[in-house]
Structures are given as C-alpha cells and as structure tokens.
Amino acid sequence: HTAYRRQRQMCIRDRYNITAIATGWDVNFNRADTQILHNLGITLHKEFKKNINAIISPKFMRTEKFLTGLSYKLDYIISPLFLQEVISEFKSNPNDLKKLPKVEGFSIDKLNPTSVKELTSISLSKLMNKSKTRINSYDRIFEDMSFNITPKIPGGAATVQKILKAHGAKNVNVIK
C-alpha cells in the first residue's frame, strides 16, 4: 500500500516539470496550494536558481527578473492563470490528472499577444529558441563585452548591471 502511494506520488510529480521565477504579480498561494503545485512538479521561486526553466508573468515585461530570466534555458513563459487553473482543476478532481491544463495553452503570446508584439519583433517561440541556442553554445548576447553605463540609466545602474552580466557581459562599469 505504501509502495503504491509512493509510485502514485512520483507519477503526479512527473505531470509537470516546471521550475519558475515569478515576476509582475504577487506570489501568494497558501501552503496547501503550494503543496499541490509542488506535488504536480511545479516549483516557484522568488529569486533565481540554476535550474529555472520558466518565467511566470502576466505579460512580456521589462523587469529585472523577466530580462534576466531570458538568459536561462527556458521551456515556458506562461501566465499566472495557468497556476490558478491547475490548482482549481486538481481540487475539483484530484484523481483525474488528464483533465489538468496543458502548459502550452497558457503561453503569454497566446493570452497577451500585444505585450509580446510591443516589445519584440519576433515570436515568443523564436525568441526562446534563439536564447536556448545561445546559452548552449556559450555565445550569450553580450559575451565578454564591457559596458560603461551612467548611474542615471532608467531602471537604475545596479539593475542594468545584473541584466547585462546575466547575458554574458564581462564588465559593467558605472561612470559619472
């Protein structure tokens, strides 16, 4: 009986394989909801970890977390509505995992296409593929480049430094 429960829990955890950074919304799930997500293979972080494979955001953004997140090997950029739907569906029928929503249906380019078009000229899938290719080849967008930035740069010098370094910048100097 215990072996069956353990095997079932392993199958449930394999349902999703999402380790995500959240940006642009407040992560405020109660402990039970967080446990449901975790048991289904969804882990949310407020800070970056090495194995991040998703950004959860209501739209395409210019926040530090979103732009830094693009330096990771992303499988998904999805709406927080996905998490709410997963929890709701699981609570209504915990024994039927087939009814759980598919991640792809909650991609931000499907739920908020204007936010993607406003900030990039290429599709979201093309952007993520380019990003993965660059990361895999160690050819990050700013690899080994040095930057001099002003302290009055929009967003703040510290934020811009973090973003540039995440994308391969060697040196980022703040000059007056």
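Preceding block: the structure.
Residues numbered from 1 in each chain as written. Predicted model: local features only at pLDDT ≥ 70, side-chain atom pairs only at ≥ 80, totals over all residues. Heavy atoms only, no water.

**Digging into the pattern of salt bridges**
Thought 1: Under the counting rule described, the total for this entry stands at 2 salt bridges.
Thought 2: Taking the shortest distance from any N to any O, the salt bridge between Glu64 and Lys162 comes out at 3.7 Å. Highlighted residues: Glu64 in helix α3 (residues 64–69) and Lys162 in helix α8 (residues 157–166), separated in sequence by 98 residues.
Thought 3: For Glu64, a relative accessible area of 28% gives the class partly exposed. (Salt bridge = Lys/Arg side-chain N within 4 Å of Asp/Glu carboxyl O. Helix = DSSP H or I, 4+ residues; strand = E, 2+ residues; numbered from the N terminus. Buried < 20%, exposed > 50% of the residue type's maximum accessible area, 1.4 Å probe, protein only.)

**Describing the environment of Ile18**
Thought 1: Residue position: Ile18 is located in strand β1 (residues 18–22).
Thought 2: Linking Ile18 and Asn51, residues 33 residues apart in sequence, is a C-alpha distance of 9.3 Å.
Thought 3: Contacts of Ile18, omitting those with residues within four sequence positions, involve Gly41, Ile42, Thr43, Asn53, Ala54, Tyr76, Ile78, Phe82 and Val103. (Contact = heavy atoms within 4.5 Å.)

**Structural notes on the nonpolar core**
Thought 1: With 21 residues, the main nonpolar core has Tyr16, Ile18, Leu40, Ile42, Phe82 and Val86 as its most contacted residues.
Thought 2: Mapped onto this core, the elements with two or more residues apiece are β1, α2 (31–39), β3 (54–56) and α4 (81–92).
Thought 3: With 5 residues, the single largest contributor to this core is α4.
Thought 4: Excluding its chain neighbours within four sequence positions, the residues that come into contact with Ile42 are Tyr16, Ile18, Leu37, Phe82, Leu83 and Val86. (Core = buried A, V, L, I, M, F, W, Y, C linked by side-chain atoms within 4.5 Å.)

**Side note on the packing of aromatic side chains**
Thought 1: Within the structure shown, the criterion is met by 6 aromatic pairs.
Thought 2: Ring geometry for Tyr16 versus Phe82: centroids 5.3 Å apart, planes at 90 degrees, classification edge-to-face. Remark: Phe82 occurs in helix α4 and Tyr16 occurs in the loop between α1 (2–13) and β1; sequence separation between them is 66 residues.
Thought 3: A relative accessible area of 4% means that Tyr16 is categorised as buried.
Thought 4: Classification of Phe82 as buried rests on a relative accessible area of 0%.
Thought 5: One aromatic cluster is present, built from ring pairs that chain together Tyr16, Phe82 and Phe106.
Thought 6: Just above the ring of Tyr16 sits the side chain of Arg15; from NZ or CZ to the centre is 4.9 Å. (Phe/Tyr/Trp six-rings, centres within 6.5 Å; stacked < 30°, edge-to-face > 60°. Lys NZ or Arg CZ within 6 Å of the ring centre and 35° of its normal.)

**Considerations on the sheet that holds β1**
Thought 1: The parallel open sheet is built from 4 strands, whose spatial order is β2-β1-β3-β4. Two strands lie at the open edges of the sheet, namely β2 (42–45) and β4 (76–78), each paired on one side alone. Across the sheet, the axes of successive neighbouring strands diverge by a mean angle of 25 degrees, strand direction being ignored.
Thought 2: The sheet contact formed by β1 and β3 spans 3 bridges and is parallel. Bridging from a neighbouring strand, Ala22 pairs with Ile56 of β3.
Thought 3: Strands β1, β2, β3 and β4 of the sheet are contacted by α4, whose axis makes an angle of about 140 degrees with β2. (Pairing = 2+ DSSP bridges. Axes fitted to C-alpha atoms, helices over the stretch in contact; angles between N-to-C directions.)

**Comments concerning α4**
Thought 1: Helix length check: α4 (12 residues) gives 16 Å between terminal C-alpha atoms against 16 Å at 1.5 Å per residue, within 8%.
Thought 2: Restricting attention to buried positions, one finds in α4 the residues Phe82, Leu83, Val86, Ile87, Glu89 and Phe90.
Thought 3: Where α4 is buried, its residues contact β1, α2, β2, β3 and β4. (Expected span 1.5 Å × (residues − 1).)

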